[in-house]
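Examining the three-dimensional arrangement
Here's the letter readout for the chains.
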Amino acid sequence: MSNPISGFSKLSKAQKIEWLTTNYFKENTQAIKVLQKYWNPDIELQKLHDDFIENTVSNYYLPLGIAPNFLVNNDLYAIPMVIEESSVVAAASNAAKFWLDKGGFTTQVISTIKNGQVHLNFYGDTADMTAFFGVIKPKLIASISQVEKNMKKRGGGLLDIQLIDSTDSLDGFYQLHCTFETLDAMGANYINTCLETFAKTIEKEAKTFKAFIVSQTFPEVVMSILSNYTPECVVRASVSCHVDLLAQKDMEGQIFAQKLVRAIAIAKATPRRAVTHNKGIMNGIDAVILATGNDFRAVEAAVHAYASKDGQYSSLTHARLENDIFTMWIEVPLALGTVGGLTSLHPLVGFSFDLLQQPNAKKLMQLVAVAGLAQNFAALRSLVTTGIQKGHMKMHLMNILNGIQATDTEKASAINHFKANHISHSDVISFIEKLRA
Ligand code: MEV
């Protein structure tokens, strides 16, 4: 093990790698080779990636795949997806194709409000705090006029500020709950700047507020930060058709529809299933979010909190079977941006936006929700019919073959053989071993 290092970030890339490989690797030439293999020969492009984060030593590739044939509100899309899991893009493509001749996906943005809070300590009289807020609210709004000038020009900006007495949940805890419309920006920088400006205004104004001076009890700013929980920035996507159109190879449409409805009911009944059910949905959502340069951690955090909004972690999708019409839909909070952040920097994000015909944030919310719904439909379709492993292992076959360094000829024989045979890791290994023997 190595000794701690100070000033690591100030070393050059070569020096960082030198330090890393001499301290943590026995075979340091091998480690250096792997890192270098992934450097981009285009110096400018490499520099761009180096500068995204601190201490970059190489690039970490993930595949960018395309799921075509998504009919969304009567427009046809090919959706870009960045993901390592072998069956996800295939599943999305299958679901898109399945719904293509059944009316496709219908979407609707329900609301686009973002929010953030200034968290305060105040141990005095609540009436004083309420009076203070009444007096300073116009000053708070005025204090961000410069910060939100451009946002306002485009039609967005601060929507409201409320004082929330949260002393029931935590002694002395008050919040300035602020809501914003950030249009095509995810808005984190804008919101955080507004909140920090509010915090400064509060601190300054509190010093001269009479009731606080008399009681010698002043509000204290703990922190100011946007909330990634965005239950007022929500989108819905749905699919619907007559059960007769749902018929599967060995299953009547009516039975298939009942099974889908039941599978979703099970995800609503138990978090054990809901977590896996929603994980499948996030396979689609995260993949499009990554391809479009958005923050998948923020979306993950928001989505899972939303899945628990009624007191128990539950399904993000819903289904109904009424008068032989099957309907399945998703409702998710998605605070996304199509301007700012990585969106204008990463050339592949530019490619994804071109492919999606330059969506605005609302359109992107809809397409991401569609990807989530498609993924869930595809997963449930497999689960209630053939089981998940058949399709999954078919897609995973190439990973197993690559894992044992199969040659092109071996791969071709294996693909041919496993078209008609059960695939498992050990089946594939023994098939290749036999070939080699
Ligand atoms: C695998 O990545 C996702 C699934 O487990 C989702 C599900 O069970 O619904 C197939």
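Predicted model, so just to flag it, every value in this text is computed and none were measured.

Cut-offs applied
- Residues numbered from 1 in each chain as written.
- Predicted model: local features only at pLDDT ≥ 70, side-chain atom pairs only at ≥ 80, totals over all residues.
- Heavy atoms only, no water.
- Helix = DSSP H or I, 4+ residues; strand = E, 2+ residues; numbered from the N terminus.
- Buried < 20%, exposed > 50% of the residue type's maximum accessible area, 1.4 Å probe, protein only.
- Contact = heavy atoms within 4.5 Å.
- Areas by Shrake-Rupley, 256 points an atom, 1.4 Å probe, with all protein chains shown as cover.
- Lys, Arg positive; Asp, Glu negative; His and termini not counted.
- Charge placed at Lys NZ, Arg CZ, Asp CG, Glu CD.
- Phe/Tyr/Trp six-rings, centres within 6.5 Å; stacked < 30°, edge-to-face > 60°.
- Lys NZ or Arg CZ within 6 Å of the ring centre and 35° of its normal.
- Pairing = 2+ DSSP bridges.
- Patch = residues over 30% accessible without salt bridge, like charges linked within 9 Å, V, L, I, M, F, W, Y side chains within 5 Å.
- Salt bridge = Lys/Arg side-chain N within 4 Å of Asp/Glu carboxyl O.
- Near = heavy atom within 4 Å.
- Polar contact = N/O pair within 3.5 Å; in protein donor to acceptor, adjacent residues only side chain to side chain.
- Nonpolar A, V, L, I, M, F, W, Y, C, P; charged D, E, K, R; others polar.
- Domains from an automatic or database assignment.
- Axes fitted to C-alpha atoms, helices over the stretch in contact; angles between N-to-C directions.
- Parallel < 35°, antiparallel > 145°, perpendicular 65-115°, else oblique.

Some points on the overall build of the protein
Summing up its helical and strand segments, the protein has 16 helices and nine strands in all. Principal axes of the C-alpha set define a box for the protein whose edges measure 90 × 70 × 40 Å. Every one of the 437 residues in the protein was classed for burial, and the buried ones make up 46%. Pairs at least 24 residues apart make up 70% of the contacts formed inside the protein by residues separated by at least 6 positions. Accessible surface, the protein as shown: approximately 22,800 Å² in total, 54% of it carbon and sulfur. Charged side chains in the protein number 40 positive and 40 negative. The centres of these two groups are separated by 4 Å.

Remarks on the side chain of aspartate 286
If you trace the backbone, aspartate 286 turns up in helix H10 (residues 271–291). Those residues in contact with aspartate 286 that sit more than four places away from it in its chain are Phe296 and Glu300.

Quick word on the packing of aromatic side chains
Under the counting rule described, the total for this entry stands at 16 aromatic pairs. Between phenylalanine 70 and phenylalanine 105 the ring centres are 5.5 Å apart and the planes differ by 45 degrees, which places this aromatic pair in the tilted class. Taken together, the positions of phenylalanine 70 in strand S1 (residues 64–72) and phenylalanine 105 in the loop between helix H4 (88–100) and strand S3 (106–121) put the pair 35 residues apart, joining distant regions of the chain. Of the two residues, phenylalanine 70 and phenylalanine 105, both sit in the buried class. Geometrically, the ring pair formed by phenylalanine 418 and phenylalanine 431 is edge-to-face, given 5.5 Å between the ring centres and 70 degrees between the ring planes. Highlighted residues: phenylalanine 418 in helix H15 (residues 408–419) and phenylalanine 431 in helix H16 (residues 425–436), separated in sequence by 13 residues. The class for phenylalanine 431 is buried, based on a relative accessible area of 16%. Taken together, the ring pairs in this structure connect Phe122, Phe132, Tyr174, Phe209, Phe212 and Phe218 into an aromatic cluster. The aromatic ring of phenylalanine 98 is capped on one face by lysine 102, whose charged end is 3.9 Å from the ring centroid.

Observations concerning unusual backbone geometry
You will see that asparagine 69, though not glycine, has its phi angle at about 70 degrees, which is positive. Assignment of secondary structure puts asparagine 69 in strand S1. On the accessibility criterion, asparagine 69 (26% relative accessible area) is partly exposed. For asparagine 323, which is not glycine, the phi dihedral falls at a positive 50 degrees. By secondary structure assignment, the location of asparagine 323 is in the loop between strand S8 (317–322) and strand S9 (325–333).

Re the pairing of S1
As judged from the seven bridges shared by S1 and strand S2 (residues 75–82), these two strands associate in the antiparallel manner. Looking at S2, one finds that isoleucine 66 is bridged to proline 80. Counting the residues that bridge the hairpin from S1 to S2 gives two residues, and of these asparagine 73 lies at a positive phi of roughly 50 degrees.

What to know about a nonpolar patch on the surface
Judged by side-chain polarity, Leu64, Ile66, Leu348 and Phe351 come together as a nonpolar surface patch covering roughly 320 Å² of accessible area. Of all the elements in the fold, those that place two or more residues in the nonpolar patch are S1 and helix H12 (347–355). When you line up the elements, leucine 64 lands in strand S1.

A closer look at the site of the ligand
Taken together, Glu85, Arg273, Thr276, His277, Lys279, Gly280, Asn283, Ala379, Leu383 and Ile388 form the complete shell of residues around the ligand. A distance of 2.7 Å is found between an oxygen atom of the ligand and a side-chain nitrogen or oxygen belonging to arginine 273. Separating an oxygen atom of the ligand from a side-chain N or O atom of lysine 279 is a distance of 2.6 Å. Of all the secondary-structure elements, those providing two or more residues to the shell around the ligand are H10 and helix H13 (361–384). Per-element accounting of the shell around the ligand gives the leading share, six residues, to H10. For the shell around the ligand, the class distribution of residues is three nonpolar, four polar and three charged.

Quick word on the domain arrangement of the protein
For the protein, the assigned domains are domain 1 (8–50), domain 2 (64–109 + 234–386), domain 3 (114–227) and domain 4 (392–436). The C-alpha centroid of domain 4 is placed 61 Å from the C-alpha centroid of domain 3.

Considering the packing of H4 against H13
Where H4 meets H13, the axes come as close as 8 Å, and the angle between the chain directions of the two elements is 95 degrees. Accordingly, the angle class assigned to the pair H4 and H13 is roughly perpendicular. Here Val88, Ala91, Ala92, Asn94, Ala95, Phe98 and Trp99 of H4 come into contact with H13, specifically with Ala374, Gln375, Phe377, Ala378 and Arg381. For the contact of H4 with H13, a count of residues per class yields nine nonpolar, two polar and one charged.

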